[in-house]
Amino acid sequence: MHRDVRVKLKTMGRSRYKIIDPQQPHFMTVTVLHWIPLFTRPATVEIILHSLRFLMKKDLKVYAYVILENHLHLVAQSKDLSRDMARFKSFTARSLIQYLKENNVRSILDQLAFYKKAYKTDRTYQLWQEGVHPELIQGQEMMQQKVAYIHQNPVKRGYVDFDVDWRYSSARNYAGREGLLDVCHDW
């Protein structure tokens, strides 16, 4: 390994995953803290969908997505993807915590408080794990691979036999059926 490569790896630290070119599509994963199964109710999934719809009206382009019980994957781009993903995580965290409080879901709230990072002293709960682990989509082949991975996720987990049967995914859009979000097919 060349010396300058070693130095670069050392200095990257926590920010190993970076949005390299914010105006290009990136594959991202957003995970609930400690993999807590939060998206088991239509109401909690709707908060995610509502936030994505709002951001899509502004500037966010979503090419593919899947929402599972404790995380979501998406391929998206915007003029300022870091800002948009921060807005998404902030809004959804507030809304989901409010939902959990209003519906007295103490077991999940207690876990979100227990697993909260100690340095996050400005809040009682932490909903999301840090980061979105972005990977720049580098060409048509990578885009196809990531879209297939996203759509096959519920199948591989044994939740459905066919990707189009998973309600909270863009697989239906790619099959020519109506999905819950209007995703962009032009890459």
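Since this is a predicted model, take the numbers as computed values, not measurements.

Rules and cut-offs
- Positions within a chain are numbered from 1, following the residues in the order the chain's sequence is written.
- Residue-level local features of this predicted model are given only where pLDDT is at least 70; pairs of side-chain atoms are given and counted only at 80 or more, and the full residue set underlies all totals for whole chains, interfaces and linings.
- To obtain the side-chain values, all non-hydrogen atoms of the structure were used and water was disregarded.
- Whether a residue is buried, partly exposed or exposed follows from its accessible area with a 1.4 Å probe, protein chains only, as a fraction of its type maximum: under 20%, in between, or over 50%, in that order.
- Secondary structure elements are taken from DSSP: a helix is a run of H or I of four residues or more, a strand is a run of E of two residues or more, and numbering for both begins at the N terminus.
- The directions considered for the arc run from the helix axis to the C-beta atoms.
- Here a residue-residue contact requires only that any non-hydrogen atoms of the pair lie within 4.5 Å.
- All axes here are fitted lines through C-alpha atoms, helices being fitted over the stretch that makes contact, and every angle between N-to-C directions spans 0 to 180 degrees.
- Any angle that falls under 35 degrees is termed roughly parallel, while one over 145 is termed roughly antiparallel, one within 65 to 115 roughly perpendicular, and all others oblique.
- By convention the crossing between two helices is left-handed if the near helix lies anticlockwise of the far one by an angle smaller than a right angle, and right-handed if it lies clockwise.
- Any residue that is not Ala, Val, Leu, Ile, Met, Phe, Trp, Tyr, Cys, Pro, Asp, Glu, Lys or Arg is counted as polar, Gly included; the first ten are nonpolar and the last four charged.
- Between the rings of Phe, Tyr and Trp (Trp by its six-membered ring), a pair exists once the centres lie within 6.5 Å; its type follows the angle of the planes, with under 30 degrees stacked, over 60 edge-to-face, and the other angles tilted.
- Only lysine NZ and arginine CZ atoms are considered, and such an atom sits over a ring when it is within 6 Å of the ring centre and within 35 degrees of the ring normal.
- One requirement defines pairing of two strands: DSSP has to find at least two bridges between them.

Overview of helix 4 (residues 106-114)
Phase 1: For helix 4, the set of buried residues is Ile-108, Leu-109 and Leu-112. Buried positions in helix 4, seen along its axis, are confined to an arc of 100° and lie on one side of it.
Phase 2: Along its buried surface, helix 4 packs onto helix 3 (81-102).

Examining the packing of helix 2 (residues 42-58) against helix 3
In helix packing, the relevant descriptors are the interaxial angle and the interaxial distance, both defined with respect to the helix axes.
Phase 1: Axis separation between helix 2 and helix 3 bottoms out at 10 Å; the angle between their running directions is 150°. In terms of orientation, helix 2 lies roughly antiparallel with respect to helix 3. Seen along the crossing, helix 2 lies across helix 3 with a hand that is right-handed. For the pair formed by helix 2 and helix 3, the contact residues are Ala-43, Thr-44, Ile-47, Ile-48, His-50, Ser-51, Leu-52, Phe-54 and Leu-55 on the first element and Asp-84, Arg-87, Phe-88, Phe-91, Thr-92, Ser-95, Leu-96 and Tyr-99 on the second.
Phase 2: Among the residues making up the contact of helix 2 with helix 3, the classes are represented as 10 nonpolar, five polar and two charged.

Some thoughts on the packing of aromatic side chains
Phase 1: As enumerated under the stated definition, the model contains five aromatic pairs in all.
Phase 2: Ring centres 6.0 Å apart and planes at 75° place the aromatic pair Phe-27 and Tyr-149 in the edge-to-face group. Of the two residues, Phe-27 is situated in strand 1 (residues 26-31) and Tyr-149 in helix 5 (residues 140-156); the sequence distance between them amounts to 122 residues.
Phase 3: Phe-27 sits in the buried class, given a relative accessible area of 5%.
Phase 4: The partly exposed category is assigned to Tyr-149, whose relative accessible area is 34%.
Phase 5: Consider the rings of Tyr-159 and Trp-166, whose centres lie 5.5 Å apart with planes at 25°: the pair is stacked.
Phase 6: A residue is classified by how much of its surface remains accessible, and Tyr-159, at 37% relative accessible area, is partly exposed.
Phase 7: Between Lys-146 and the ring centre of Phe-27, over which it is positioned, the NZ or CZ distance is 4.5 Å.

Things to note about the pairing of strand 1
Phase 1: Within strand 1, six of the six residues are buried, which leaves it mostly tucked inside the rest of the structure.
Phase 2: Taking every second residue as pointing to the same face, both faces of strand 1 are buried, with His-26, Met-28 and Val-30 on one and Phe-27, Thr-29 and Thr-31 on the other.
Phase 3: Examined bridge by bridge, strand 1 and strand 3 (residues 71-77) share six bridges and lie antiparallel to one another. Residue pairing for strand 3: Phe-27 is matched across the bridge by Val-75.
Phase 4: As paired strands, strand 1 and strand 4 (residues 135-136) are joined by two bridges and run antiparallel to one another. Among the inter-strand pairings, His-26 is bridged to a residue of strand 4, identified as Leu-136.

Some details on unusual backbone geometry
Phase 1: In this structure, His-34 is a non-glycine residue whose phi angle is positive, near 60°.
Phase 2: Looking at the secondary structure, you find His-34 in the loop between strand 1 and helix 2.
Phase 3: By relative accessible area, which is 44% here, His-34 ends up partly exposed.
Phase 4: The backbone of His-133 shows a phi angle near 50°, a positive value even though the residue is not glycine.
Phase 5: Structurally, His-133 can be placed in the loop between helix 4 and strand 4.
Phase 6: A relative accessible area of 32% places His-133 in the partly exposed class.

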